[in-house]
Amino acid sequence: RWALLAAFFASWLILGWGCEGEPTLVITPSGTATGFGGGLGDAGDGDGSLDGPSDGSGLEDGGVAPVHLALLANPPRVDATPPTATEEVEAELTAFAAGVGAVSLDVPWDELDVDDLAARVTSYRERGLVVLVNLLVVDGEASHLPAALAGQAWDDAATVAALEGALAQVVSAAGTEIDTLILGRDVNRYSSAQPDESDALRALLGAGIAELASLAPDIPARAVGLGFVAVDPPPDYLELASLGSVVALSYLPGLGEPTFPTQTSAANDLDLMIALAAGRKLVLQALGYPSASSLDSSADTQALQLDALFSALEPRREHVAAVTVHMLHDVAGEGCDALLASRGLDAGPPLGDHLCSLGLRDEQGEPKPAWPRFLEAAAHFSSH
């Protein structure tokens, strides 16, 4: 895969810009940019800022806070056939050509290959990209407990030791090049689906974050991955959010609802996230809006919502370290079913219609109206 990546990179970069055209930054009448992207930078100073200067202010020269933009580079899919290495490389190069400043790596705990992870991290860092690693202890309603621990409780001594050992391996192999390490994704969704496991899982993740802080204090951003909760988050959610040096949240408005809530206010939601972070930076672990007509949404609605989010982000950028847009391509048919299964979710609407229509390009690879908005975002943050 890495040989393919090297071989394709230069030519694809030119092709990507040539096909889509050089993005231009659109300014609204209020003077707020409609789209923003990720700048390049080195790891931060250990305060969760990722790219902060030596004075600890979290600002670049000129007083602009960096926000690193990533894009989940999934190949287009209409069936459950695994993508080829070439398809994976082409998807990554499309993201690179769009001007992303970061890359987000999903690593299920039960599939952890430390050598492969280290090679990937090194390759991305050599391209000047900020690297976020999601070690998926759980992902939505799916458990990624290693098979050797089957039947063990989350807080069993053997489980805790195994997670601490996995973190030690990751830190030893690639710790100095990882900017953000997040344990789990949508952990609160798993806890809601498996309430009897909630306390034990929370204990394990707390031990993992503590071990990570001890092993690798130079990894500036550490967190438990949670789904955004707008109203009255429960005490166990607040406890998990308090762990780590940043707050990591998935933001997929309307997920699981029969229709997309067009009244969603990105500005209000970002303010709630900032309050939850209590002075720490935010990492949006997964950001996306569906385009499925079955949810009373559309490709145009998706683009408008993405615009609104980026516009709301600009005046709040000092509070946000990184954003991963979820995802490059839609998936359909058996490919959609496989995506839901990977997260422990039942196939079909409304979850399938939502998660499988989050792409900025459709399942055939054609750009949707949200795609040029993303290019504007990348162009803005690559130069600001």
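Structural data are supplied above this passage.
Residues numbered from 1 in each chain as written. Predicted model: local features only at pLDDT ≥ 70, side-chain atom pairs only at ≥ 80, totals over all residues. Heavy atoms only, no water.

### Observations concerning the side chain of Ser 297
For clarity, the threshold we go by: Think of it this way: any DSSP run of H or I at least four residues long counts as a helix, any run of E at least two long counts as a strand, and we number them from the N terminus. Using a 1.4 Å probe on the protein chains alone, a residue whose accessible area is under 20% of its type maximum counts as buried, one over 50% counts as exposed, and one in between counts as partly exposed. We call two N or O atoms a polar contact when they sit within 3.5 Å, provided that within protein one can donate a hydrogen and the other can accept it, with sequence-adjacent residues counted only if both atoms are side-chain atoms. Whether two residues are in contact is decided by their heavy atoms, any of which lying within 4.5 Å being enough.
Inspection of the secondary structure puts Ser 297 in the loop between β8 (281–287) and α9 (299–313). The buried category is assigned to Ser 297, whose relative accessible area is 7%. Of the polar contacts made by the side chain of Ser 297, one reaches the backbone oxygen of Pro 290; its length is 2.8 Å. Aside from chain neighbours lying at most four places away, what touches Ser 297 is Phe 260, Pro 290, Ser 291, Ala 292 and Gln 302.

### A few points about the packing of aromatic side chains
Heads up, the rule is: Classification of ring pairs rests on two measures: the distance between centres of Phe, Tyr or Trp rings, Trp counted by its six-membered ring, which must be within 6.5 Å, and the angle between planes, read as stacked under 30 degrees, edge-to-face over 60 and tilted in between. Placement of a positive charge over a ring is assigned whenever Lys NZ or Arg CZ falls within 6 Å of the ring centre and within 35 degrees of the normal to the ring plane.
By the definition in use, this model includes 6 aromatic pairs. Considering the side-chain rings of Phe 96 and Tyr 124, the 6.1 Å spacing of their centres and the 75° angle between planes classify their relative orientation as edge-to-face. With Phe 96 in helix α2 (residues 85–97) and Tyr 124 in helix α3 (residues 114–126), this residue pair connects regions lying 28 residues apart in the sequence. Each member of the pair Phe 96 and Tyr 124 is classed as buried. Over the ring of Trp 371 we find Arg 361; its NZ or CZ atom is 4.9 Å from the centre of that ring.

### Observations concerning the packing of helix α8 (residues 266–277) against α9
In plain terms, the rule: Here the axes come from fitting lines to C-alpha atoms, over the contacting stretch only for helices, and the angles between their N-to-C directions go from 0 to 180 degrees. Oblique is the label for every angle not falling under 35 degrees (roughly parallel), over 145 degrees (roughly antiparallel), or within 65 to 115 degrees (roughly perpendicular). Note on convention: the crossing is left-handed when the near helix lies turned anticlockwise from the far helix by less than a right angle, right-handed when the turn is clockwise. Three residue categories are used. Nonpolar comprises Ala, Val, Leu, Ile, Met, Phe, Trp, Tyr, Cys and Pro, charged comprises Asp, Glu, Lys and Arg, and polar comprises the others, including Gly.
Their axes nearest at 8 Å, the elements α8 and α9 cross at an angle of 50°. Here α9 runs oblique to α8, going by the angle between their axes. As for how α8 packs across α9, the hand of that crossing is right-handed. Only Ala 308, Leu 309, Ala 312 and Leu 313 of α9 make contact with α8, whose side of the interface consists of Ala 266, Ala 267 and Leu 270. Of the residues that constitute the contact of α8 with α9, the class distribution is 7 nonpolar, no polar and no charged.

### Concerning the state of the cysteines
The line we're drawing: Throughout, disulfides are identified as pairs of cysteine sulfur atoms within 2.5 Å of each other.
What the rule picks out here adds up to 1 disulfide. The disulfide partner of Cys 336 is Cys 356, and the S-S distance across this bridge is 2.0 Å. In this structure the cystine formed by Cys 336 and Cys 356 twists about its S-S bond by roughly 95°; its chirality is therefore right-handed. Taken as a pair, Cys 336 in helix α10 (residues 333–342) and Cys 356 in the loop between α11 (351–355) and α12 (370–383) lie far apart in primary sequence, 20 residues in all. What makes Cys 336 buried here is its relative accessible area of 10%.

### Observations concerning helix α6 (residues 198–215)
Here is the rule we go by: To estimate the expected span of a helix, count its residues, drop one, and scale the result by 1.5 Å.
Spanning 18 residues, α6 covers 26 Å between terminal C-alpha atoms, matching the ideal 26 Å at 1.5 Å per step. Turning to α6, its buried residues are Ser 198, Ala 200, Leu 201, Arg 202, Leu 204, Leu 205, Gly 208, Ile 209 and Leu 212. Where α6 is buried, its residues meet β3 (130–139), α4 (157–174), β5 (180–185), α5 (187–193), β6 (221–227) and α7 (235–241).

### As for the environment of Asp 156
Among the structural elements, Asp 156 can be located in the loop between β4 (142–143) and α4. By relative accessible area, Asp 156 is classed as partly exposed at 27%.

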